[in-house]
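Each chain, written out:
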Amino acid sequence: MEYDERLALFRQTRLNPFDRGEEEDGPQGGKTPPLHARPELFSGTRTHSSDRTMDLGLAEDHFSRPMGSFIASDIEKLKMAIEECKKLILELPEHSERQKDTVVKLIHLRLKLQELKDPEEDEPNLRVLLEHRFSKEKSKSVKQTCDKCGAIIWGLIQTWYTCTGCYYRCHSKCMNLITKPCVRVKVSHQSEYELSICPEIGLDRQDYRCAECRTPISLRGVPTEARQCDYTGQYYCSTCHWNDSAVVPARVIHNWEFDPRKVCRSSMRYLALMISRPVLRLKEINPLLFNFVEELVEIRKLRQDILLMKPYFITCKEAMEARLLLQLQDRQHFVENDDMYSLQDLIDISSGRLSCSLTEIHTTFAKHIKLDCERCQAKGFVCELCKEGDILFPFDSHTSVCYDCSAVFHRDCYYDNSTTCPRCARMTDRKQDEVPDVKDA
């Protein structure tokens, strides 16, 4: 049997004698040795390999840079080549080298088909739309999902953008379809949380439409499934609600509950941008929380002590050179007040991470003031009520501080002699002595 006849038979039966090593009937009814045992036939396949290449659609220059527009026949040829590759992969032996090579070719063909359907154009590096500031991404290997259409972004062949404010990602072709404004604008103008737990208004009040894109939705999933956001309490379509999970601030503040709940995409971005902002004043929102959560009381005491240490560091040259206060640069509000918390603070308090890190920082600050720095030690106090004991500091656990003059006493002494602070009395007498002098003048 001639090689061309065998190749035609192979195309009809989709069998590959090169890999299976099967014997064929010879021209005289005998058995022909396997093809891999006949070097003259194997070498002949090299000369006719172009036939098989054309059969897969690989002989055409599908992997070159597309120039101009493509007609429909180019896409059809690629689709036919892809189908041929898929059939050949199933016929080849498992884990063979030829099967692996064919899989690689199939991947390249599919990428080229996608490129023809979505040709890359010269896109600007920065685009502004609905207060989004979109920056063109250069990453080609990271697989992302388009927030607009929900399809995968193939960075190797597709142009895509990311908003530098809210990290909204989308294809270049989807940008003109965006209707959602940048969430960072809301964070800048309205830095507050919804403090009601899942404030549902009902799907009928939403006119059975998505709260964001107004797509018709229903609880039965016809035409689109209605998904509730635990943060806003409203219902959304599957395009605007991907079943993402996040810690809901209202549940933390009222129930001390940190289980992630399903939220819509816009709520997830808003919560992600707000998580480190100190906007929660717990003593006003829910003061009873301190009665049930001991960790909050411990953190509040540590923060009060740090605020008492801050004046020492501001006036200490060594502390400024060592930049001790920069140990709290991730929680700058800790050196400004003791009653504002961020959602991340509460999460770290619940897990115990904040207590460990803040205790360590508190120990470092106290060691500098009481042991390492002579200038800070000189700013200590002696109890004027008992005139005994070591030098006192306002952040010591066994001391009390006068609210009027900030003098420091032993706690037991100050409570036992709670009539008048000696320092306040001296200051009052001094003011009274200065009044006649002013009148005489």
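Keep in mind it's a predicted model, so treat the numbers as computed, not measured.

Trainee: Even after reading the chapter, I still don't get the overall build of the protein, so can you show me in this structure?
Mentor: The number of helices and strands found in the protein is 18 helices and 16 strands. The buried share of the protein, taken over its 441 residues, is 39%. In the protein, of all internal contacts separated by at least 6 residues, the share reaching a separation of at least 24 is 58%. Taken as a whole, the protein presents about 26,300 Å² of accessible surface, with 51% of it coming from carbon and sulfur.

Trainee: Would you mind going over the environment of T145 with me for this structure?
Mentor: Checked against the element boundaries, T145 lands in strand β5 (residues 144–145). Given the relative accessible area of 32%, T145 is considered partly exposed.

Trainee: Would you explain unusual backbone geometry in this entry?
Mentor: Backbone phi values are negative for most residues with the exception of glycine, while trans is the configuration of most peptide bonds. The residue Y167 is not glycine, and still its phi comes out positive at about 65 degrees. Since its relative accessible area comes to 48%, Y167 is described here as partly exposed. Within the chain, S406 stands out as a residue other than glycine whose phi angle is a positive 65 degrees. Its place among the elements puts S406 in the loop between β15 (399–401) and β16 (408–410).

Trainee: Mind showing me how you'd approach the pairing of strand β3 (residues 126–129) here?
Mentor: Each regular strand carries side chains that alternate between the two faces of the sheet. In terms of strand pairing, β3 meets strand β4 (residues 132–136) through four bridges, oriented antiparallel. Across the sheet, the residue bridging to L129 is H132, located in β4. Connecting the antiparallel pair β3 and β4 is a turn made up of two residues, with L130 showing a positive phi of about 50 degrees.

Trainee: Would you explain the pattern of salt bridges in this entry?
Mentor: Working definition: two side chains of opposite charge can pair if their charged atoms are close together. Counting across every chain of the model gives 19 salt bridges. Salt-bridge contacts for R265 lead to D147; the nearest nitrogen and oxygen are separated by 2.5 Å. Taken together, the residues span a long stretch of sequence, with R265 in helix α9 (residues 265–274) and D147 in the loop between β5 and β6 (152–153) at a distance of 118 residues. When sorted by exposure, R265 lands in the same class as D147, which is buried. For R209, the salt bridge goes to D207, with nearest N and O atoms at 3.8 Å. Salt bridges sharing common partners tie together D147, D244, R265 and R269.

Trainee: Is there a simple way to think about the layout of surface pockets in this case?
Mentor: To locate leftover empty space, one rolls a probe as large as a water molecule over the atoms. Here the second largest pocket defines a volume of roughly 500 Å³. In terms of lining residues, the second largest pocket is bounded by 20 residues, among which L308, P394, S400, V401 and Y403 are the most central. For the lining of the second largest pocket, the element with the most residues is helix α12 (residues 294–314), which contributes six residues. When the residues that make up the lining of the second largest pocket are grouped by side-chain class, the tally is eleven nonpolar, five polar and four charged. Split by domain, the lining of the second largest pocket shows at least three residues from each of two domains, domain 3 (285–378) and domain 4 (380–430).

Trainee: Looking at this structure, how should I read the side chain of H132?
Mentor: Within the element layout of this structure, H132 appears in strand β4. A polar side-chain atom of H132 sits 2.6 Å from the main-chain carbonyl oxygen of K180. Within the structure, H132 has its side chain in polar contact with the backbone nitrogen of C182 (distance 3.3 Å). Not counting residues within four places of it along the chain, the set of residues in contact with H132 comprises R127, C163, C166, Y168, I178, K180, P181 and C182.

Trainee: Looking at this model, I keep getting lost on the environment of L92. Mind explaining?
Mentor: By the element assignment, L92 lies in the loop between α5 (72–91) and α6 (97–117). In sequence terms L92 and T102 are ten residues apart; their C-alpha atoms lie 9.3 Å from each other.

Trainee: Would you mind showing me how to read the packing of α12 against helix α15 (residues 353–372) here?
Mentor: To describe two helices that pack against each other, one gives the angle between their axes and the distance between the axes. Interaxial distance between α12 and α15 falls to 10 Å at its minimum, and their mutual angle equals 30 degrees. Put simply, α12 runs roughly parallel to α15. Crossing hand, α12 versus α15: left-handed. Within the contact between the two elements, α12 uses E298, I299, L302, R303, D305, I306, M309, Y312 and F313 and α15 uses L354, S355, L358, T359, H362, F365, A366, H368 and I369. Its residues assigned to classes, the contact of α12 with α15 shows eleven nonpolar, four polar and three charged.

Trainee: I tried to follow the pairing of β4 on my own but got confused; where do I start?
Mentor: As paired elements, β4 and strand β7 (residues 160–163) share three bridges and run antiparallel to each other. In the sheet register, F134 faces β7, and the bridge partner there is C163.

Trainee: Before we go on, may I ask you to explain the nonpolar core in this structure?
Mentor: Looking at soluble globular proteins, one finds that nonpolar side chains tend to be buried together. Counting residues in hydrophobic clusters, the biggest one holds 72 residues, and the most contacted among them are L282 and L346. The greatest single-element share of this core, amounting to seven residues, is contributed by α12. With ten residues, the next largest nonpolar core counts A407, V408, F409 and C421 among its residues.

Criteria and thresholds
Residues numbered from 1 in each chain as written. Predicted model: local features only at pLDDT ≥ 70, side-chain atom pairs only at ≥ 80, totals over all residues. Heavy atoms only, no water. Helix = DSSP H or I, 4+ residues; strand = E, 2+ residues; numbered from the N terminus. Buried < 20%, exposed > 50% of the residue type's maximum accessible area, 1.4 Å probe, protein only. Contact = heavy atoms within 4.5 Å. Areas by Shrake-Rupley, 256 points an atom, 1.4 Å probe, with all protein chains shown as cover. Pairing = 2+ DSSP bridges. Salt bridge = Lys/Arg side-chain N within 4 Å of Asp/Glu carboxyl O. 1 Å grid on protein atoms, 1.4 Å probe; cavity = no way out; pocket = protein on both sides within 12 Å on 5 of 7 lines; lining within 4 Å. Points joined across faces, edges and corners; volume = space filled by probe spheres on them. Nonpolar A, V, L, I, M, F, W, Y, C, P; charged D, E, K, R; others polar. Domains from an automatic or database assignment. Polar contact = N/O pair within 3.5 Å; in protein donor to acceptor, adjacent residues only side chain to side chain. Axes fitted to C-alpha atoms, helices over the stretch in contact; angles between N-to-C directions. Parallel < 35°, antiparallel > 145°, perpendicular 65-115°, else oblique. Left-handed = near helix turned anticlockwise from the far one by under 90°. Core = buried A, V, L, I, M, F, W, Y, C linked by side-chain atoms within 4.5 Å.

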